[in-house]
Amino acid sequence: YILRWYSKNLRPLYIFEFEMLVDFAAFLPLLLELAGIAAESAGLEFLRLLRILRIQRFLRSRATFAQLVGASSAAGVRPFDLQIGRTLNLISTLVFISSGLVYNAEHTVNPQFTDFFVTLYFGLVTL
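This report concerns the structure included in the present document. (Residues numbered from 1 in each chain as written. Predicted model: local features only at pLDDT ≥ 70, side-chain atom pairs only at ≥ 80, totals over all residues. Heavy atoms only, no water.)

Comments concerning the packing of helix H5 (residues 79–106) against helix H6 (residues 116–126)
How two helices sit against one another is set out by the angle between their axes and by the gap between those axes. The N-to-C vectors of H5 and H6 enclose an angle of 120°; their axes lie 9 Å apart at closest approach. Considering the angle they form, H5 stands oblique to H6. The chirality of how H5 crosses H6 is right-handed. Of H6, the residues touching H5 (which contributes Val95, Phe96, Ser99, Gly100, Val102 and Tyr103) are Phe116, Thr119, Leu120, Gly123 and Leu124. Within the contact of H5 with H6, the residues separate by chemical class into seven nonpolar, four polar and no charged. (Axes fitted to C-alpha atoms, helices over the stretch in contact; angles between N-to-C directions. Helix = DSSP H or I, 4+ residues; strand = E, 2+ residues; numbered from the N terminus. Parallel < 35°, antiparallel > 145°, perpendicular 65-115°, else oblique. Left-handed = near helix turned anticlockwise from the far one by under 90°. Contact = heavy atoms within 4.5 Å. Nonpolar A, V, L, I, M, F, W, Y, C, P; charged D, E, K, R; others polar.)

As for the packing of aromatic side chains
If you walk through the whole model with that rule in mind, you get three aromatic pairs. Judged by centre distance (5.4 Å) and plane angle (80°), the ring pair of Phe113 and Phe122 falls under edge-to-face. Note on Phe113: relative accessible area 10%, which makes it buried. Taking relative accessible area as the criterion, Phe122 reaches 42% and is therefore assigned partly exposed. Through pairs of rings, three or more aromatic residues link up here, namely Phe96, Phe116 and Phe117. (Phe/Tyr/Trp six-rings, centres within 6.5 Å; stacked < 30°, edge-to-face > 60°. Buried < 20%, exposed > 50% of the residue type's maximum accessible area, 1.4 Å probe, protein only.)

Focus: the pattern of salt bridges
Applying the stated criterion across every chain, the model contains one salt bridge. Between Arg78 and Asp81 there is a salt bridge, with the nearest N and O atoms lying 3.0 Å from each other. (Salt bridge = Lys/Arg side-chain N within 4 Å of Asp/Glu carboxyl O.)

Written out as structure tokens, the structure is:
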């Protein structure tokens, strides 16, 4: 987060862009743990789920998608491929975030939700 802001010459307005706000929100639980405050006690552990939103920046254009899939140029990526990537990313984002929210809501009162992966399995099977 800080290195990317530094790479933009520490411009103050860059901090308020959507991607930087998502990165900061995902980075906040780590900062709290380093400061000695447990993210679980502050109720902010769900912010770690926002890390999955960071991959959406690669699906913005054909050039960035080409970098993600390792294509030699943007011309090697068809618009259909980009649309499939966006669709799969949207579905996985919804499943991961909803499973994480279900885990945070249920793991203290329901012993069947032992960890995130059990909840993810529950979300996939339920769908």
